[in-house]
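Here is how the chains run, residue by residue.
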Amino acid sequence: MDIYLDNLKQQKIFNSFIPKSFKNIQISPIVLHCILGLIASQGLQSPVKGIVINDIARASTAKSLGASFSAVTEVVTGSSICSGSLIADNYVLTAQHCFSSTNPKGVSVKFSDENNNTLANISVSQILVLDGDETFDKSKLFDGTDIAILELAEAAPTSITPLKLLGSNPENLTGSDASIVGFGYNGLGSTGHNQTRDKLRWGAENVIDLVGYVDSYFDAVFQSNILNLDFDDGTNDSNTLTNTYSETTPLYNEGTTAPGDSGGPLLIKIDDELLIAGVLSAGSTRTSQFGDISWFTGITEHREFIENFGGEFVGSLKPNPTDDIQNGSFETGNGNFKEALTGWNTIGAVGIPNSSFRTVPSEGNTQALMVNDEFLGTADANEIEQFLGSTSESLNNLSESYTFGGSAMKQTFTANAGDIISFDFNFLTNESTRNNAKNDFSFVSFASDVLDHPFLHLLGDTFSNFVNSNTRFYRETGYESFEYEILETGDYTLGFGVANATTDAGYSGLLVDNVKVISSVSVPEPNITFGLFVSALFGVFSFPKKRKSK
């Protein structure tokens, strides 16, 4: 399906979006600035096996690379074609946008061996999606949820071994080689696919240039559940992700995806085992020539959903506590956005403002930004509560208004009794500052086995004192400082977040900087420390609620 947004004009970025299956889809104008950011930022490098390969490797190489991936399937939906991956005997992983509804009538999956001989064409008995909606929400194409699982009417051929999935942090994949495989249109980089295909499984390689996206509207680089790869030919003109530190030098078997590849896997080799890291959602050009960008939806975030249908993940996201807060000023890599969130786990839209952002950090050159704009990919309130280790409904209780969702970040570390956790924050919004029904808010949390209850504290909301902001938010509190005293030694999870209390077009953000531990050996005088702690604790006992995922 093709998405064309002719009104988008991005330097060194294409102005069309192509969900790479064979059918048309319209996209809501409200999601344009999300897509605009996705386009402006893609910067990821990893070897990819795709439908269009470079002119040096040529078609014979693409066919050879793709042939061995017998677990990659052709998904047939009437006159439309997509690709998919066998993840269990009776289940195939693909993209949700391949289907206009969850009605499986007329949908089947073709399996072929390593010689591309058809082994079976099995009908689909059920189309399973994350939100359970019967129809596809077009605004979700780039929100990190574009996945579906097909339940087969009978088991796949026993000669085909299901693919396993990446269970470790996908944010570490930037710069990794990857493979793409699919049954879509075929061609060479210089000419593109010309809307032709030989119905064989083609493969290619590429590099993951970015896990996330550059959003020009907010002047920030956000982490997200989107993996980006561009199709290089060695020239600057084709290096469309150059603003994300993408390299111009192509891999020998470099290629890209094309219509018909939607739902196909992005494969990463970990310890000599190929694992699915993403599912193809879209591409940036009509023809898939050099410079094309492929956008894959990450699967690690949806581990529980996929495991329910037999998917086997390799690796774990469980954080290991560090002896101190790592990268509390977000300066790792000298402000290189690919490294500036090192040490932090995120959910929703969390990123690093670039040099054009008009609020300067409180310390150093870099600061973290969380945004509650749902079109950039927010998380449900209950997901945020689980992510931070808070209790159910605590976000609702904290804000005294219904929490639709938001974004958050966290880090787990070991602290000693008497340590002071200090940080600077700045709450920004363009919401009404007088209407409680639109009370967007920001918060800090601490969770630990040594605490009787998780600690959750309001940092700023629409009733805070504001000054004018030169950013897209219009109003901000300006940087303020906060301190929290550790009363008992143990492992703590420090969290920050911004939440959305309305579904209108407004949004809010939270800047955080200069996060540090002041060791108990140099703690202030007892009466000062006690006063700081009491002021932080006063009016704080509230805990979390529900919201929608990115």
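Our subject is the structure listed above.
Quick summary incoming for the structure in this document.

Cut-offs used in this document
Residues numbered from 1 in each chain as written. Predicted model: local features only at pLDDT ≥ 70, side-chain atom pairs only at ≥ 80, totals over all residues. Heavy atoms only, no water. Phe/Tyr/Trp six-rings, centres within 6.5 Å; stacked < 30°, edge-to-face > 60°. Helix = DSSP H or I, 4+ residues; strand = E, 2+ residues; numbered from the N terminus. Buried < 20%, exposed > 50% of the residue type's maximum accessible area, 1.4 Å probe, protein only. Lys NZ or Arg CZ within 6 Å of the ring centre and 35° of its normal. Contact = heavy atoms within 4.5 Å. Core = buried A, V, L, I, M, F, W, Y, C linked by side-chain atoms within 4.5 Å. Disulfide = S-S within 2.5 Å.

All chains considered together, the criterion is met by 20 aromatic pairs. Ring geometry for Tyr 91 against Phe 309: centres 5.5 Å apart, planes inclined by 50°, an arrangement best described as tilted. Here the residue Tyr 91 occupies a position in strand E7 (residues 91-94), and Phe 309 occupies one in the loop between helix H3 (303-307) and strand E20 (313-314), the gap between them amounting to 218 residues. Across the pair, exposure class does not vary: Tyr 91 and Phe 309 are buried alike. The rings of Phe 330, Trp 344, Phe 423, Phe 425, Phe 482 and Phe 496 are connected pair by pair, giving a single aromatic cluster. The side chain of Lys 410 reaches across the aromatic face of Phe 387, ending 4.4 Å from its centre. Taking the ring centre of Tyr 217 as reference, the NZ or CZ of Arg 472 above it sits at 4.4 Å.

On to the side chain of Asn 169. Within the secondary structure, Asn 169 sits in the loop between strand E11 (164-166) and strand E12 (177-182). With near-sequence residues (within four places) excluded, Asn 169 lies in contact with Leu 317 and Asn 345.

Our focus in this paragraph is the nonpolar core. In a soluble, globular protein the nonpolar side chains are often hidden away together inside. Core analysis: the largest hydrophobic core is formed by 42 residues, its most contacted members being Leu 93, Phe 111, Ile 149, Leu 152, Ile 299 and Ile 306. Of all elements in the fold, only strand E5 (72-77), strand E6 (80-88), E7, strand E8 (107-112), strand E9 (118-129), strand E10 (148-152), strand E18 (273-283) and H3 reach the threshold of two or more residues within this core. In terms of residues, this core owes the most to one element, E9, which gives 6 residues. Setting aside residues no more than four positions away along its own chain, Leu 152 makes contact with Leu 86, Asp 89, Asn 90, Tyr 91, Val 92, Val 109, Phe 111, Ile 122, Ser 123, Val 124 and Ser 125. Within the second largest apolar cluster, 30 residues are counted, among which are Tyr 492, Leu 494, Phe 496 and Val 512.

Scanning all chains against the criterion turns up 1 disulfide. In this model, Cys 82 is linked to Cys 98 through a disulfide, with the two sulfur atoms separated by 2.1 Å. Where Cys 82 bonds to Cys 98 through sulfur, the torsion about that S-S bond is close to -100°, and the disulfide is left-handed. With Cys 82 in strand E6 and Cys 98 in the loop between E7 and E8, this residue pair connects regions lying 16 residues apart in the sequence. Like Cys 98, Cys 82 is buried.

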